[in-house]
Every structure is written in structure tokens, then in C-alpha cells.
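Spelled out from the first residue to the last, the chains are:
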Amino acid sequence: LRRAISQLEFSVMYQPQFELATGTLVGCEALLRWQRRDGSMVAPSEFIPMAERSGLIIPLGHFVLAESCRAWVRWQSLDQRALKLSVNVSAVQLSQSDFVENLERVLGDTAMDPRCLCLEVTESVAMKDPEAVIDRFRAIRALGVELAIDDFGTGHSSLAYLKQLECHYIKIDRCFVSGATDDAGCQQIIASVVEMAASYQMQTIAEGVETPEQLQHLRRVGCDLAQGYLLGHPVPERRFIAECLMPTAETRADSLSAML
Ligand code: C2E
Ligand code: CA
Ligand code: CA
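Everything numeric here is computed off the predicted structure, so don't read it as measured data. (Residues numbered from 1 in each chain as written. Chains lettered and ligands numbered in written order. Predicted model: local features only at pLDDT ≥ 70, side-chain atom pairs only at ≥ 80, totals over all residues. Heavy atoms only, no water.)

Participant: Let's hear about the packing of helix α3 (residues 57-75) against helix α5 (residues 99-110): which residues, and what values?
Facilitator: Describing two packed helices takes the angle between their axes plus the distance from one axis to the other. Between α3 and α5, the shortest axis-to-axis distance is 9 Å and the interhelical angle comes to 30 degrees. Between α3 and α5, the angle falls in the class roughly parallel. Remark: the crossing between α3 and α5 carries right-handed chirality. Each of His62, Leu65, Ala66, Cys69, Arg70 and Val73 in α3 lies in contact with α5, whose residues at this interface are Leu103, Val106 and Thr110. Tallied by class, the residues present in the contact of α3 with α5 amount to six nonpolar, two polar and one charged. (Axes fitted to C-alpha atoms, helices over the stretch in contact; angles between N-to-C directions. Helix = DSSP H or I, 4+ residues; strand = E, 2+ residues; numbered from the N terminus. Parallel < 35°, antiparallel > 145°, perpendicular 65-115°, else oblique. Left-handed = near helix turned anticlockwise from the far one by under 90°. Contact = heavy atoms within 4.5 Å. Nonpolar A, V, L, I, M, F, W, Y, C, P; charged D, E, K, R; others polar.)

Here it is as C-alpha cells:
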């Protein structure tokens, strides 16, 4: 992992996120990729835990944030819409005493608009040290940066705690989305999360949408945003620009509208 960092084997891919009511592109999630010199890929589920244990998630996390903010700034000349950029942040990063300071520095250095940046923190991380996380979130919000609770429903946060976190988004985990059309339990969970989010003035993002039926169900129950292989795979910046940001990419929104 250490050698891979020094040999620049890491890159960032971008997965589009769409608004369900209109079918328009509203943002993307930055996802880290490790491609070895021989061309083989190492899955994030394999190397992220390793990077967290070794502390190497600090330079890696910095790389993803800085790289994706620079990409976002490049897109501004191509596309006037204020796209939202979501970046994953791990527990180890969040607990660094200089986390907010570094975030502010990256925002300044890259000229990223803080209001267009969203940090995704998993529900399990948010649960680790509740008081410390509430404080950290407050400092992040003070910069104008938004927050999302990732993999929601897989941890055990209480409703009271969730409200205190004052996040902008709740991401409905893929495991519930996959049961959106045929599992009554998943349907109930999705509907409850959407309802709760609305009452807390939060928006919901469904992840891992793979079928038109899932998409239609999510839209029917009032889920706000969605991402998934059906709508677009994570792709390198060049492809994200060509397929999502160029004028011809409008056809994608049209086909999404057709599915809805
Ligand atoms: P995540 O944050 O929940 O990211 C969503 C994962 O679901 C991504 O996997 C994405 O490629 C995948 N995905 C998207 N749409 C679909 C779909 O329709 N079907 C299926 N089956 N999968 C879909 P990926 O890129 O392998 O990342 C896995 C996890 O690794 C992420 O889960 C996140 O927790 C972590 N990760 C990725 N990049 C970063 C990063 O830059 N920093 C940190 N701290 N963690 C990261
Ligand atoms: Ca995520
Ligand atoms: Ca997730």
C-alpha cells in the first residue's frame, strides 16, 4: 500500500447522482481506485480497512479530497450547474485533531465551493464517539460543507442522535434498495427512512439502484436522489465529463425520465 501510494497507483472515479423527481444530474460521489502496475484492480473493500489500520488512509483521504475538488473546479468551465461533490471520509480521518483545518486548507487551495461539497460518513462511524462526532460535524457545517450519513440502516443510531447530527442527507444502504420491489421488510424500512428524513429536513439518497422497478418504487415513496449501476457506474473523470457533463449527455436524463 505504501509503495502503491509512492508509485501513484491510485485514482478517483465519479458515480453520477440524480434527482428522482426531475431526472436531472445533481452531483456525483468520488470513489477511490487502486490499479496495480500490472493492470489488476484491488477492491476498496480490501484496501480501505488496511489503509485505516496502518494510518495510510490519511494521505489517501487527502488525495481523494484534493483530487476530486480540483476535478470539480475543472468542471465549472464546462458546466454551469452547481454539481454536488460527495467524498467519503473514514473514522480515522474524522478523528484527526487537524481534520477541519486540513479540509479548510484544501477548499482554499483548490478554490472548491464549500457549499457544493458533501462529506459522507458511515452510520457506524457516527456512532463511535457521539459527542465528538456532533462537535466535528458542527465545525464542518460551519465551513458551509454538507454532510451525509452513509450506509444508513446498517448501524444502530437512535433517532434522537440522528437529529443532533444535523446532516443534510441520509444514504439508504444498497441492501435495502435491492429488496425495494419484492421484500416487504425492505419496503417498510425505505418508507420509514424517507418519512423520518423529511420530518428532520434531510434528503434521502438511495444507493445501488440496479433496476427500473427499484427506481420507480423509490420515486413513488418520495426518495429524493439516487445512484447506482442503472443510472451510471463510477467512471474516470474523462468519461464522467463526456457521459454526464457534455451537452450530448442530456440524453441520459431523457432516458431516466423515460424509466420514471
Ligand atoms: P460506499 O461509500 O457505500 O460506496 C458505494 C459502493 O457501491 C461503491 O463501491 C460503488 O462502486 C458501489 N456501487 C455503486 N452503484 C452500485 C450498484 O448499482 N450495485 C452495486 N452492487 N454496487 C454499486 P466501491 O467503489 O467498491 O467502494 C466500496 C466502499 O469503499 C465504499 O462504499 C466506501 O465505504 C469505501 N470507499 C471508497 N472510496 C473511498 C474513499 O475515497 N475514502 C474512504 N474512506 N472510503 C472509500
Ligand atoms: Ca459513500
Ligand atoms: Ca454506502
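Participant: Report on the packing of aromatic side chains, specifying residues and quantitative values.
Facilitator: The description of two aromatic rings rests on the distance between their centres and on the angle between their planes. The tally for this structure, following the rule as stated, stands at six aromatic pairs. On the basis of an interplanar angle of 80 degrees and a centroid distance of 5.1 Å, the ring pair of Tyr14 and Trp75 is categorised as edge-to-face. Here Tyr14, found in strand β1 (residues 10-19), pairs with Trp75, found in helix α3; they are 61 residues apart in sequence, far enough to count as distant. Their ring planes at 80 degrees and their centres at 5.6 Å tell us that Trp34 and Phe47 sit as a pair that is edge-to-face. With Trp34 in strand β2 (residues 25-35) and Phe47 in helix α2 (residues 44-54), this pair connects stretches of sequence that are 13 residues apart. In terms of burial, Trp34 and Phe47 fall into one category: buried. Among the aromatic residues, those joined into a ring-pair cluster are Phe10, Trp34 and Phe47. Of note, Arg36 hangs over the ring of Trp34, and the distance from its end group to the ring centre comes to 5.1 Å. One residue, Lys84, lies across the ring of Tyr169, its end atom 4.3 Å from the ring centre. (Phe/Tyr/Trp six-rings, centres within 6.5 Å; stacked < 30°, edge-to-face > 60°. Buried < 20%, exposed > 50% of the residue type's maximum accessible area, 1.4 Å probe, protein only. Lys NZ or Arg CZ within 6 Å of the ring centre and 35° of its normal.)

Participant: With reference to specific residues and values, describe the side chain of Glu146.
Facilitator: The residue Glu146 is located in strand β6 (residues 146-152) in this model. Here Glu146 sits buried without a salt bridge, and the closest side chain of opposite charge, Lys84, lies 5.5 Å off (N-O distance). At 3.0 Å, the side chain of Glu146 forms a polar contact with the side chain of Tyr169. With sequence-adjacent residues up to four places away left out, Glu146 is seen in contact with Lys84, Pro114, Arg115, Leu117, Cys118, Leu119, His168 and Tyr169. (Lys, Arg positive; Asp, Glu negative; His and termini not counted. Salt bridge = Lys/Arg side-chain N within 4 Å of Asp/Glu carboxyl O. Polar contact = N/O pair within 3.5 Å; in protein donor to acceptor, adjacent residues only side chain to side chain.)

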